[in-house]
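Results of the structural survey
Each chain is listed here by its residues.
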Amino acid sequence: MERLAKGRLTMGRETERKFLVTGGGWQAQADGGQTIRQAYLAIDDDRQVRVRILDGETARLTVKTGGASLSRAEFEYDIPLSDAEALMESGVGQPIAKTRYRVPAGGGLTWEIDRFEDRHEGLVIAEIELDSEDADFDRPDWLGREVTGDKAYYNAALAADGVTPSETGTSR
């Protein structure tokens, strides 16, 4: 997503594939990671409203529509950190803590590897954002089963239900 104006990011379609991570082969190519704390302010089958704090320094409010489909609409706005901290207290379920690493995927694409913490420790998910639903991309050997469309692996479900799916991948 590109910035439109100060404080507002563009609205766009997010076309994303999600996979479990089954090994540590990604770690050698990963950046230093970014800590993320997030809470959901509203969740239903077709839309979510999320507040996210990045590295304890910046914050964003995000609205997504389209449920757990491969392509979803996304609106994202920068908000004051103090507002995000206050909103975190109003979240549905429990906040999520994770570290996000970026790994080059070839062809100008990037894998985002989320290593979850706290009650979801051990869950590691790789996501790749694509230009279209049928776009080709390289699948590294550390990539496990695809979980795109499986609501149990979406952050909103992890926050609301507090349950980590039984299959978590094996990367530490």
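Residues numbered from 1 in each chain as written. Predicted model: local features only at pLDDT ≥ 70, side-chain atom pairs only at ≥ 80, totals over all residues. Heavy atoms only, no water.

1. A word on the pattern of salt bridges
Note on pairing: side chains with opposite charge can pair once their charged atoms come close. In total, this model carries 14 salt bridges according to the counting rule given. Among the ionic pairs, E76 bridges to R50, the shortest N-O distance being 3.6 Å. Remark: R50 occurs in strand β5 (residues 47-54) and E76 occurs in strand β7 (residues 71-79); sequence separation between them is 26 residues. Assessed through its relative accessible area of 6%, R50 is described here as buried. For E127, the salt bridge is made with R100, and the minimal N-O distance between the two is 3.8 Å. (Salt bridge = Lys/Arg side-chain N within 4 Å of Asp/Glu carboxyl O. Helix = DSSP H or I, 4+ residues; strand = E, 2+ residues; numbered from the N terminus. Buried < 20%, exposed > 50% of the residue type's maximum accessible area, 1.4 Å probe, protein only.)

2. Some details on the confidence of the model for the protein chain
Here the protein chain averages 88 in pLDDT, and 88% of its residues register 70 or above. Residue range residues 1-6 is modelled with pLDDT below 50. Its contacts to residues more than four positions away, or to other chains, number 13 contacts. (pLDDT = per-residue confidence, 0-100. Contact = heavy atoms within 4.5 Å.)

3. Considering the pairing of strand β6 (residues 58-65)
Judged from the eight bridges that link them, β5 and β6 form a sheet pairing that is antiparallel. Bridged to V51 within β6 is L61. The antiparallel pairing of β5 with β6 creates a hairpin that spans three residues between the two strands, and D55 there sits at a positive phi of about 55°. (Pairing = 2+ DSSP bridges.)

4. Here we look at the pairing of β7
Note that strand β3 (residues 12-21) and β7 share four bridges and pair antiparallel. Bridging across to β7, G12 finds its partner in E74. Where β6 meets β7, seven bridges bridge the pair, whose relative direction is antiparallel. Along β7, the bridge assignment pairs V63 with F75.

5. Examining the environment of W111
Among the secondary structure elements, W111 is positioned in strand β9 (residues 109-116). With 14 residues separating them in the primary sequence, W111 and I125 have C-alpha atoms 9.9 Å apart.

6. Structural notes on the nonpolar core
In terms of nonpolar packing, the biggest core is built from 16 residues, with V21, W26, W111, I113, A126 and W142 touching the most fellow members. Looking at this core, the elements that each hand over two or more residues are β3, β8 (92-106), β9 and β10 (124-129). Formed by 11 residues, the second largest nonpolar core is a distinct cluster that contains I96, L123, I125 and V147. (Core = buried A, V, L, I, M, F, W, Y, C linked by side-chain atoms within 4.5 Å.)

7. Some remarks on a negative patch on the surface
Judged by side-chain charge, E133, D134, D136 and D138 come together as a negatively charged surface patch. Its location among the elements puts D134 in the loop between β10 and β11 (143-146). (Patch = residues over 30% accessible without salt bridge, like charges linked within 9 Å, V, L, I, M, F, W, Y side chains within 5 Å. Areas by Shrake-Rupley, 256 points an atom, 1.4 Å probe, with all protein chains shown as cover. Lys, Arg positive; Asp, Glu negative; His and termini not counted. Charge placed at Lys NZ, Arg CZ, Asp CG, Glu CD.)

8. Focus on unusual backbone geometry
Unusually for a residue other than glycine, D55 sits at a positive phi of about 55°. Within the secondary structure layout, D55 lies in the loop between β5 and β6. On the basis of relative accessibility, which here comes to 36%, the residue D55 falls in the partly exposed class.

9. Overview of the packing of aromatic side chains
By convention here, two paired aromatic rings are described through the distance between centres and the angle between planes. Summed over the entire model, instances satisfying the criterion amount to five aromatic pairs. The interplanar angle of 75° and the centroid separation of 5.9 Å between the aromatic rings of F19 and W111 together place this pair among those described as edge-to-face. One end of the pair, F19, is in strand β3; the other, W111, is in strand β9, and 92 residues separate them in sequence. Of the residues examined, W111 reaches a relative accessible area of 1% and is grouped as buried. Arranged with centres 5.7 Å apart and planes meeting at 70°, the rings of W111 and W142 form a pair that is edge-to-face. Placement of the pair is W111 in strand β9 and W142 in the loop between β10 and β11, with a sequence separation of 31 residues. Clustering of aromatic rings is evident, with ring pairs tying together F19, W111, F137 and W142. Positioned above the aromatic ring of Y154, the side-chain terminus of K18 is 4.7 Å from the ring centre. (Phe/Tyr/Trp six-rings, centres within 6.5 Å; stacked < 30°, edge-to-face > 60°. Lys NZ or Arg CZ within 6 Å of the ring centre and 35° of its normal.)

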